[in-house]
Amino acid sequence: MKIHEHQAKEILARYSVAIPRGIVATTPKQAEAAARKLGTSVVVVKAQIHAGGRGKGGGVKLAKSPEEAKELAKKIIGMTLVTPQTGPEGRKVKKVLIEEGMPIAKELYLGILLDRQTSRVLIMASEAGGMEIEEVAAKTPEKIIKESVDPITGVHPYLARKIAFALNLKGDAFKKMIPFIINLYQAFVKEDCDMLEINPLIVTKDDRVLALDAKVNIDDNALYRQKETQTYRDLDEEDPMEVEASKFHLNYIKLDGNIGCMVNGAGLAMATMDIIKHSGGEPANFLDVGGGADEEMIENGFRILISDRNVKGIFINIFGGILRCDILARGVVLAAKKLHIKIPIVVRMEGTNMKEGHDILEQSGMDFLVAHGMKEGAKKMVEAIQ
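What you are looking at is a predicted structure, and each value in this text was computed from that prediction instead of being measured.

The rules behind the values
Residues numbered from 1 in each chain as written. Predicted model: local features only at pLDDT ≥ 70, side-chain atom pairs only at ≥ 80, totals over all residues. Heavy atoms only, no water. Helix = DSSP H or I, 4+ residues; strand = E, 2+ residues; numbered from the N terminus. Expected span 1.5 Å × (residues − 1). Buried < 20%, exposed > 50% of the residue type's maximum accessible area, 1.4 Å probe, protein only. Contact = heavy atoms within 4.5 Å. Core = buried A, V, L, I, M, F, W, Y, C linked by side-chain atoms within 4.5 Å. Salt bridge = Lys/Arg side-chain N within 4 Å of Asp/Glu carboxyl O. Phe/Tyr/Trp six-rings, centres within 6.5 Å; stacked < 30°, edge-to-face > 60°.

Quick look at helix α11 (residues 325-338) now. Compared with an ideal rise of 1.5 Å per residue, which puts 14 residues at 20 Å, α11 spans 20 Å between its outermost C-alpha atoms and is within 8% of the ideal. All of the buried residues along α11 are C325, D326, L328, A329, G331, V332, V333, A335 and A336. Along its buried surface, α11 packs onto α10 (295-306), β16 (313-320), β17 (345-351) and α12 (354-362).

Spelled out as structure tokens, the structure:
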């Protein structure tokens, strides 16, 4: 689950990670009042959306007076902000963070994420703060420091010192970086993050160390034990169809193609998208109904698929294990009739009660295209929508 910058900073503050003072505003008038309350000569007006690169899109501006903060907020709130991470459709800005300006001496990068290759937490740091870490990795990979964390010992001062040395910090800034890294790691672990990125992490002219920006993703599978964090979810920042799917415990991700996919199992979903691409088609989504799907879940899955106007056909690719083929077939027939689906539907199913499932489809009186194998199914689907 993604959260806003100001929410991420609320979490960091609970773990004694230094952040600038800031106030959230939803109107220009509130932005002006926030700037007056902060009382600094410069404030930063920052659009709050679930995407990076806001500055490049005009979503981060400096104001030298409360009146200017009001005028900038008037322009930013309500705008559709387009960044490299939003795609061309952009995101509508509904609130801004008014934050005190800082006397920046140095910009750094610090990120904590899960390393799938080592099954450990990885700390990444770089002196190239303020830049996208992907760009740094591509052009100057030698500038990236990587330290794997032992899950038993965690981050001890010696490891934090090693990172601070590598960042060429000295004096008070060096000393303050040690608890900063340790506390940041604690926040990452205790809040069940799967990614925590501080970019830039700044050193001020008076040697303070602060998280000027913060990007945090929370592991969806751990939200049941993060009750407070659940309240941070902003449905306006999520795809409406993905939100709707989550209500029915369906795993759905929208893509840009025109072939709707219904499968059971993430691995099969990936393989299905691959075979569609290989056959010359474009998948419109990733929809995993899971092994325990019933007729109602299948109907809800169909409803979500056809709500995407780009979908010209539906490819159902199911391996019947826990989800029996006859249950799938009944669900497909009922949903197709109830929802009056007119677009082509290709069904490929293998496994438990496969024959019974095929009989149900044949006796339904509907024009389903039955495939024996993934390759045949994908080919039939691509041909059916041409």
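Turning next to the nonpolar core. Grouped together as the largest cluster of nonpolar side chains are 45 residues, with contacts concentrated most on L12, V155, M177, F180, L184 and L196. Element by element, the count of residues in this core is highest for helix α6 (residues 171-190), at eleven residues. Residues contacting V155, with those up to four places away along its chain left out, are I123, V149, A160, I181, I182 and Y185. Ranked by size, the runner-up nonpolar core spans 34 residues in total, among them A245, C325, V347 and L361.

Moving on to the pattern of salt bridges. Considering all chains together, one arrives at 26 salt bridges under this definition. Close ionic contact of R54 with E5 constitutes a salt bridge, the shortest N to O distance being 2.9 Å. Taken together, the positions of R54 in the loop between β2 (43-47) and β3 (60-63) and E5 in helix α1 (residues 5-14) put the pair 49 residues apart, joining distant regions of the chain. Overlapping salt bridges bring together E5, K9, K46, R54, E99 and D213 as one network.

This next bit is on the packing of aromatic side chains. Across all of its chains, the model carries one aromatic pair by this definition. Taking 4.7 Å as the distance between ring centres and 50° as the angle between the ring planes, the aromatic pair formed by F165 and F174 counts as tilted. Classification of F165 as exposed rests on a relative accessible area of 55%. Classification of F174 by relative accessible area gives buried; the value is 13%.

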